[in-house]
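Read off the chains here:
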Amino acid sequence: MVVIYPGSFDPVTYGHIDIIKRCARKFNTVIVAVLNNKSKKNMFTIEERVELLELALVEYDNIEVDTFSGLLVDYTKEKGCTTLIRGLRAVSDYEYEMQMALVNKKLDDDIETLFMVASGKYGYLSSSIVKEVAGFGGDISCFVPSIVEKSLIKKIEEGMD
Ligand code: ADP
């Protein structure tokens, strides 16, 4: 079974990686689909987000990193895969995730969204909080792989020039 794990991954954190690895143990193939949304202000370009994911997941041969733009339902049709994975952290994720899952189902009844509960140790982690901590010079080494940490620090320093 092939599943699609869509998101912004701006940048990938240990929380995302945990979900991806757990999926890779349960499903034959996991397609990590990075959203190329020009109207959303991301810190990393689509190419950078893909590269960081590929580097973080290099040892897994049943994980693919891809990009998509536009409607997720159109992308799922293109890939011939209608099972989506989303991670659920706190209750605060629930409302938005529920809305997205129901809208996607309305657009295409074949789509099923499966929710994977975040690991306790990453339940508080998000790309935004990592960027915020890094912006104030905090240690983010326990939140992201070292390659992401280095890229994030570089981005912040470039922004200061
Ligand atoms: P989006 O912009 O679509 O919310 P994100 O890159 O922030 O994309 O997240 C992609 C998916 O990963 C979402 O389902 C989100 O809930 C989940 N996720 C993010 N951080 C974590 C975490 N720490 N643990 C588990 N799931 C997470």
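Residues numbered from 1 in each chain as written. Predicted model: local features only at pLDDT ≥ 70, side-chain atom pairs only at ≥ 80, totals over all residues. Heavy atoms only, no water.

### Topic: helix α6 (residues 146-160)
Using the following cut-off: The way it works is that DSSP assigns letters per residue, a run of H or I at least four long becomes a helix, a run of E at least two long becomes a strand, and they are numbered from the N terminus. Here a helix's expected span is defined as the number of its residues, less one, multiplied by 1.5 Å. Any residue under 20% of the maximum accessible area for its type is buried, any over 50% is exposed, and the rest in between are partly exposed; the area is computed with a 1.4 Å probe on protein chains only. This arc is taken over the directions from the axis of the helix to the C-beta atoms. Whether two residues are in contact is decided by their heavy atoms, any of which lying within 4.5 Å being enough.
The terminal C-alpha atoms of α6, which comprises 15 residues, lie 21 Å apart, in line with the 21 Å expected from a rise of 1.5 Å per residue. Where α6 is concerned, the buried positions are Val148, Glu149, Leu152, Lys155 and Ile156. One side of α6 holds all its buried residues, which, seen down the axis, span an arc of 130 degrees. Opposite its buried face, α6 presents the exposed residues Lys150 and Lys154, each directed more than 90 degrees away. Buried residues belonging to α6 abut α2 (46-56) and α5 (127-135).

### Describing the site of the ligand
What counts, and what does not: Note on terminology: near, applied to a residue and a molecule or strand, indicates that one of the residue's heavy atoms is within 4 Å of it. For the purposes of these results, a polar contact is taken to be a pair of N or O atoms within 3.5 Å, where, inside protein, one atom must be able to donate a hydrogen and its partner to accept one; residues adjacent in sequence count only when each atom of the pair is a side-chain atom. Methods summary: accessible areas were calculated by the Shrake-Rupley approach with a probe of 1.4 Å, and residue burial reflects only the protein chains presented. Amino acids are sorted into nonpolar (Ala, Val, Leu, Ile, Met, Phe, Trp, Tyr, Cys and Pro), charged (Asp, Glu, Lys and Arg) and polar (every other residue, Gly among them).
Around the ligand lies a shell of 17 residues, among which Tyr5, Ser8, Phe9, Gly87 and Tyr122 are the nearest. Within the side chain of Tyr5, a nitrogen or oxygen atom sits 2.6 Å from an oxygen atom of the ligand. Here a nitrogen atom of the ligand sits 2.8 Å away from a polar atom, N or O, in the main chain of Tyr122. The fraction of the free accessible surface of the ligand (550 Å²) that becomes covered by protein chains is 89%. Every element with two or more residues in the shell around the ligand is listed here: β1 (2-7), α1 (14-26), β4 (83-88) and α4 (91-107). Broken down by class, the residue content of the shell around the ligand amounts to seven nonpolar, five polar and five charged.

### Digging into the pairing of strand β5 (residues 112-117)
Along a regular strand, successive side chains alternate from one face of the sheet to the other. Operational definition: In short, DSSP must find at least two bridges between two strands for them to pair. For a crossover, the right-handed case is the one in which the path from the first strand over the helix to the second runs clockwise, viewed with the strands pointing away from the viewer.
Pairing between β4 and β5: six bridges, direction parallel. Bridging from a neighbouring strand, Thr83 pairs with Glu112 of β5. One crossover worth recording links β4 to the parallel β5 by way of α4, and it is right-handed.

### Focus on the packing of α2 against α6
The following threshold applies: Only the stretch in contact is used when a helix axis is fitted, and all axes are lines through C-alpha atoms; the angle between N-to-C directions ranges over 0 to 180 degrees. What sets the label is the angle itself: under 35 degrees gives roughly parallel, over 145 gives roughly antiparallel, 65 to 115 gives roughly perpendicular, and the rest give oblique.
Put simply, α2 and α6 touch, their axes get as near as 10 Å, and they point 155 degrees apart. Taken as axis vectors, α2 and α6 run roughly antiparallel relative to one another. Between α2, through Glu48, Leu52 and Leu55, and α6, the contact on the second element is made entirely by Ile147, Val148, Ser151 and Lys155. When the residues that make up the contact of α2 with α6 are grouped by side-chain class, the tally is four nonpolar, one polar and two charged.

### What about the layout of surface pockets?
Put simply, the rule reads: Lining residues are defined by having an atom within 4 Å of a point belonging to a cavity or pocket. Those points lie on a 1 Å grid over the protein atoms alone, cavities being sets where a 1.4 Å probe fits but cannot get out and pockets being open sets with protein on both sides within 12 Å along at least five of seven lines. Grid points are joined across faces, edges and corners, and a volume is the space filled by probe spheres set on the points.
Size it by volume and the largest pocket reaches roughly 960 Å³. In this structure, the largest pocket is lined by 41 residues; those nearest its centre are Pro6, Gly7, Ser8, Arg86 and Glu97. Every element with two or more residues in the lining of the largest pocket is listed here: β1, α1, β4, α4 and α5. Here the element with the most residues in the lining of the largest pocket is α4; it accounts for nine residues. The class makeup of the residues in the lining of the largest pocket is 18 nonpolar, 15 polar and eight charged.

### Comments concerning the environment of Arg49
Topologically, Arg49 is positioned in helix α2. Using a relative accessible area of 3% as the deciding quantity, one classes Arg49 as buried. Setting aside residues no more than four positions away along its own chain, Arg49 makes contact with Ser8, Phe9, Asp10, Val34, Leu35, Asn42 and Phe44. At 3.1 Å, the side chain of Arg49 forms a polar contact with the backbone oxygen of Phe44.

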